Amino acid sequence: MASTSKDNFVVLELKDPLVIGAETTQKEIFISTSDICTWNLPLILSHESIKVKAERSRLIQHSTYFSGLLVGSFSESCLDHVSVYWNLETTVNVLKFIYGCPLDLSFNNFLPLLEGALFFGLDDLLLECKTWFCRTTSTKGLSSVQIPLDSIIEIWNFGLDHAIDFLAELCTGYFARNFMWAVSCSSFSYVPFNLLCSCIEHPHLTVDSEKHLCEALLGWLTSNVGSMEFSSNTEDDYGSILEKVQLNLLPLWFASGKRRNHYFSKLADESTSDIFSLMKDPSMSSCCVLRVSGRNSRIRLTEYTEKVDLSGCPQITSAFLLSALPCSNNMDLTLTGTLNRSSVKLQCFDGARHLISQSLFQLLAFEAVCEVDVSKCPNIHFEAAIELFCKSFPSLKILKASYCSHFKLETLFHLVRECPLVNEVDLTTDVSPIIPTQVSIVSATVEEYQELGGVSYKILKDKPLLSSITKLVLKGRSDIDDMDLQKLSLLSSSLSYLNIKGCTSVTDMGISKLICKSMKLHSLVVSDTYFGRNSTLVLCSDSPLDGFPAMPCELNFSTSLAFRLQKLHIGGCKNVDVRSLLQLMSCTYSLKSLCLRETVVDDHALNNFSGSSLEKLDISETMVSGASLTQLVRRNPGLKLFKVRSCRKLSLWEGRLEVVEALPYHGFSGEELSFELSRRCTLEGAEFGWGLSPFSLKNLGPAIRSLRTITVGLGGTLGEYGLELLLTVCPLLEAVVLHFQVISDNIVKRIVESLKHIKVLGLCYCLGGLSSLSFQLSMPNLRKLRLERVTPWMTNDDLVTLTRSCTSLIELSLSGCTHLNSDSQQIISYGWPGLISIHLEDCGEVTSEGVSSLFDCKAIEDLSLRHTGENRVEEKLVQVQLPPLLDPPPFHVFFCHHKGQLSSRVMEHFDVVPPTSSDSSGVDPTQYAGRFSLNTVRIAKCKQQRCSLDFQCFENCRKSVHKETIILEWNSKGLKTIIVKERV
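For every chain, the first residue of its written sequence is number 1, and the numbers climb from 1 along that sequence. A pLDDT threshold of at least 70 governs which residues receive local features in this predicted model, and a stricter bar of 80 or more applies before side-chain atom pairs are shown or counted, although totals over entire chains, interfaces and linings include all residues. By convention in this description, side-chain values take in all heavy atoms of the structure and omit both hydrogens and water.

- An unreviewed UniProt entry annotates the chain as BTB/POZ domain-containing protein FBL11 isoform X3 of Nelumbo nucifera.
- In its Pathway (unreviewed entry) section, the UniProt record describing the chain reads: "Protein modification; protein ubiquitination."
- UniProt positions are given in the numbering used here, feature names are shortened, and annotations may be inferred rather than shown by experiment. In its Function (unreviewed entry) section, the UniProt record describing the chain reads: "May act as a substrate-specific adapter of an E3 ubiquitin-protein ligase complex (CUL3-RBX1-BTB) which mediates the ubiquitination and subsequent proteasomal degradation of target proteins."

Rendered as structure tokens:
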């Protein structure tokens, strides 16, 4: 119908070309723009055809599409009825925008509206879309992530196809700023190569570390190049993106582990070589490396960076840090190269420290950085590093410097002064192998470093500190004593989390005094210490706090520290007697994590715990029964971690009747505990032992469906049926460790096929018949493998097969593989160049010709060799823990020797002079003075014992038996030498 000049209205018939003919609720609806603000969109969009009465002039004014259609030379220009074929929802929203209705833009409708703006020619809508997308993609921080990665990919492709430059630019920037989040998305492998390249080269690329960047690129290459048919040239082009990685900033263990990677092998060798060059010359800065290798060594920092992760990089020094941090001026290499000679001076304050000259070097400040991780960086001078951190990261809140034994207590106070916002410090080291309460000490001597210059408690007290530290982790710090705890009490006003696990030099009295001054404490980890009666009394005593939330009046201990504790770990604390433990359990109420491993806890004590918030419980190796546990589980439905391994009284699910005097009733059915667990709890981690059977496992079904890790120890009798049931019920398992279970090839095959993401597998002292067929299936995600006394048939050929099946191993433990020989070393080091832990025991003649081939595992941290050869002293070498092995010197060394002497051939591998002194240990401790990266040396002495049963071959029947163990421990204060009777 032709329109007249008086008719200013037109009827638009809207249809979606993709759904024409499809079944809809109704075929047609007629609406008008006069009531557009009240349109019921769900009702309207349920029709196949929508007829809209609209004002012709308004359409022409705002839309070039309608202007051309209704005014131009098209035949529709003279009609009062026009058909529009486009997506119905988009078209309706476009009409609403034309008539002034506000649009609610989101990532779900952004692209359709943008496309609609282009199709209908709405410049205002196009500008609004651009403004919204620019604002959304420019917000700082990972918390701002609103747009899914697959939407970013779709928008980027759309911008590329339609030549919309701002889309590609904004998508690339958003991707670069949120790269760490994007890597965790399942759609990361679908990112187009050109988008990935643009992101890597973007100045706002934000990553925690070069390792994370390299892992992401390798994962992308594996998913894309490996799954398609590419020419070698194309594959090389794709692989070239790895050259963007800064090789000098990769962790040694990571670079070494990628030497067999198809895409990264050449660069991994180059990275390892550069790292060792830096380690041999610690004074070399990153600029010197740049001149040598031609590669950039700047730490990637942007205004969006929140975390800097340099952990595992032994090549990092203070000088390296200084030249690797971005500066405000573009200094040339010559000026920066002279930095070590002219811009560092020494002053004496709490020991020597470096003060960075401001006249030569102005560091940029990155306000968003709140966490720095320099764990396992033994060459960093922390006094100097703290000067850099306080200038570059003024908002620093978390510092992780674990496994850096040279980080002294005085350095901690320096950190508090220079970085007042720091509230979390992690100074973890390896827990000493000698727990005084668990071994028989024959003798102990201590030699302190002469150059020590500690600050007294009085001096520190006279210089008040405004500490913000709320979480302090000192796990394994054997150099911390009671005097140090007294100094730490100056920081206790804000302390809420304290971890001194394995601090064997502190006493119960020292711990109690620190607790007494830490009135905000809610988490206490004191496992394997002298924690005892005094500390328990302090925790249970009344200590009212102003402003603390009121507690129910019926709870008697609401004002004690114990009542407010949310985490309490006292595992292995032998000084806690039954009475103290009973009192402690009676006072605790708010606990979420409780560890009573290897304590004297019994049913009476456990029943006195009235809390209902437990999420983690460890009562391994205690005398607790199933009846008490049933009561506890009934009160704590939120349990996620449940460890009851080696609890001999725990007849959990055998169906027998127990008599427990502590409970109000006199009988306990073994089914009750499994019923309560399955009805109330969703476990993520568990360790079982005595009483576990296929029947109990079946009853536990609902509780273990989300299980991620499981350990089954002595006393558990799952059998083949139970293990198959476990794999069926728990498909999410990532770690499985079995001790003394009956296994078979079929079970191992089921584990490999069912658990695609398994990372830890341990088969220890298991019964049944395994063959080489068990390990021919691929386990690409497996990181830790323990095969102890289960593969006596293993040969070098089987070992080769294992290297091909488990390509990502970083920890390997084999025992009882008597057919292995010296060639096995090369197979291990070539097959798994990234190993950081190797344990071999009773493995044939692996070390009969020395151990040099194992040192091709450049980043090895833990090496254990016991009875792996018959005719040399080094074959008795038991354990060596050395990150990294060659240079700098190892963290931990453990030898087992026959007559108190170590051969020079063994010692030269560890850069240690053979002992010549005649002391009881056979070791000259002065050879190690000042070597902070060497923490522990353990030497197990053996003696020959004649077999009393063979009277005919009396002389030939001799065997080596353990005599004693010598332990040398280095820390920030000195050397401690201990001799114990036990084999540790």
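1. Observations regarding the overall build of the chain
Here is step 1 of the chain: A run of H or I in DSSP counts as a helix once it spans at least four residues, and a run of E counts as a strand once it spans at least two, with each numbered from the N terminus. Scanning the chain from terminus to terminus reveals 35 helices and 33 strands.
Here is step 2 of the chain: Evaluated residue by residue, the chain yields a buried proportion of 55% over its 984 residues.
Here is step 3 of the chain: Residue pairs at least 24 apart in sequence account for 70% of intrachain contacts in the chain once pairs closer than 6 positions are excluded.
Here is step 4 of the chain: Accessibility throughout is a Shrake-Rupley quantity obtained with a 1.4 Å probe, and a residue counts as covered only by protein chains that appear here. Just so you have it, the chain exposes about 41700 Å², and 51% of that area is on carbon and sulfur atoms. Exposure is judged per residue with a 1.4 Å probe applied to protein chains only, and the accessible area is read against the type maximum: over 50% gives exposed, under 20% gives buried, and values in between give partly exposed. Two residues qualify as a contact provided that any one of their heavy atoms is within 4.5 Å of a heavy atom in the partner residue.

2. Looking at helix 11 (residues 210-224)
Here is step 1 of the chain: Given the number of residues in a helix, its expected span is that number minus one, multiplied by 1.5 Å. The terminal C-alpha atoms of helix 11, which comprises 15 residues, lie 21 Å apart, in line with the 21 Å expected from a rise of 1.5 Å per residue.
Here is step 2 of the chain: Extensive coverage of helix 11 is indicated by the burial of 11 of its 15 residues.
Here is step 3 of the chain: Every buried residue of helix 11 is listed here: E210, K211, H212, L213, C214, A216, L217, L218, W220, L221 and N224.

3. Quick look at the environment of V742
Here is step 1 of the chain: On the secondary structure map, V742 appears in the loop between strand 23 (735-739) and helix 32 (745-754).
Here is step 2 of the chain: Residue V742 is classed as partly exposed on the basis of its relative accessible area, which comes to 44%.
Here is step 3 of the chain: When the C-alpha atoms of V742 and G719 are compared, they prove to be 5.3 Å apart, with 23 residues separating the residues in sequence.
Here is step 4 of the chain: Beyond its immediate stretch of four places on either side in the chain, V742 contacts G719, E720, L723 and L767.

4. Points about the sheet that holds strand 4 (residues 81-85)
Here is step 1 of the chain: Pairing is mixed across the open sheet formed by four strands, whose spatial order is 2-3-1-4. In this open sheet, the two strands that pair with only one neighbour each are strand 2 (26-32) and strand 4. With strand direction ignored, the average angle separating the axes of adjacent strands in the sheet is 20°.
Here is step 2 of the chain: With respect to the sheet, helix 3 (residues 64-71) is in contact with strand 1 (9-15) and strand 4, its orientation differing from that of strand 4 by roughly 140°.
Here is step 3 of the chain: Orientation is described by lines fitted to C-alpha atoms, with helices fitted over the stretch in contact, and by angles between N-to-C directions that extend from 0 to 180 degrees. Running over the sheet, helix 4 (residues 88-98) touches strand 1, strand 3 (47-55) and strand 4 and is turned about 155° from strand 1. In this analysis, strands are considered paired if DSSP registers two or more bridges between them.

5. So, the packing of helix 19 (residues 382-392) against helix 20 (residues 409-418)
Here is step 1 of the chain: At a minimum axis separation of 10 Å, helix 19 and helix 20 run at an interaxial angle of 15°. Accordingly, the angle class assigned to the pair helix 19 and helix 20 is roughly parallel. In the packing of helix 19 onto helix 20, the handedness of the crossing is right-handed. Residues F382, E383, I386, E387 and C390 of helix 19 form the contact with helix 20, whose participating residues are T411, H414, L415 and E418.
Here is step 2 of the chain: Three classes are used, and their members are as follows: Ala, Val, Leu, Ile, Met, Phe, Trp, Tyr, Cys and Pro are nonpolar, Asp, Glu, Lys and Arg are charged, and the others, Gly among them, are polar. In terms of residue class, the contact of helix 19 with helix 20 is made up of four nonpolar, two polar and three charged. For classification, angles of less than 35 degrees are called roughly parallel, those exceeding 145 degrees roughly antiparallel, those between 65 and 115 degrees roughly perpendicular, and all remaining angles oblique. In this scheme, a crossing is called left-handed if the near helix is turned counterclockwise away from the far one by less than a right angle; it is called right-handed if the turn is clockwise.

6. Regarding the packing of aromatic side chains
Here is step 1 of the chain: Planes of paired rings set the category: under 30 degrees apart is stacked, over 60 is edge-to-face and the rest tilted, where pairs are Phe, Tyr or Trp rings (Trp by its six-membered ring) whose centres lie within 6.5 Å. This model, assessed by the stated rule, comprises 23 aromatic pairs.
Here is step 2 of the chain: Judged by centre distance (6.3 Å) and plane angle (80°), the rings of Y174 and W181 are edge-to-face.
Here is step 3 of the chain: Owing to a relative accessible area of 1%, Y174 belongs among the buried residues under this scheme.
Here is step 4 of the chain: A cation sits over an aromatic face here: K53 above F9, 5.0 Å from the ring centre. Charge over a ring is defined by NZ of Lys or CZ of Arg lying within 6 Å of the ring centre and within 35 degrees of the ring normal.

7. Some details on the side chain of E598
Here is step 1 of the chain: Locating E598 in the fold gives a position in the loop between strand 16 (593-595) and helix 27 (603-607).
Here is step 2 of the chain: In this structure, E598 is in contact with Q438, G572, K574, S620, E621 and T622, ignoring residues within four places of it in sequence.

8. Overview of the pattern of salt bridges
Here is step 1 of the chain: Definition used for salt bridges: Asp or Glu carboxyl oxygen within 4 Å of a side-chain nitrogen of Lys or Arg. For the structure on display, the rule yields 25 salt bridges.
Here is step 2 of the chain: Here K51 makes a salt bridge to E28, at a shortest N to O gap of 3.4 Å. Of this pair, K51 sits in strand 3 while E28 sits in strand 2, and the two are 23 residues apart along the sequence.
Here is step 3 of the chain: Residue E841 is joined to R789 by a salt bridge in which the shortest nitrogen-to-oxygen separation is 3.7 Å.

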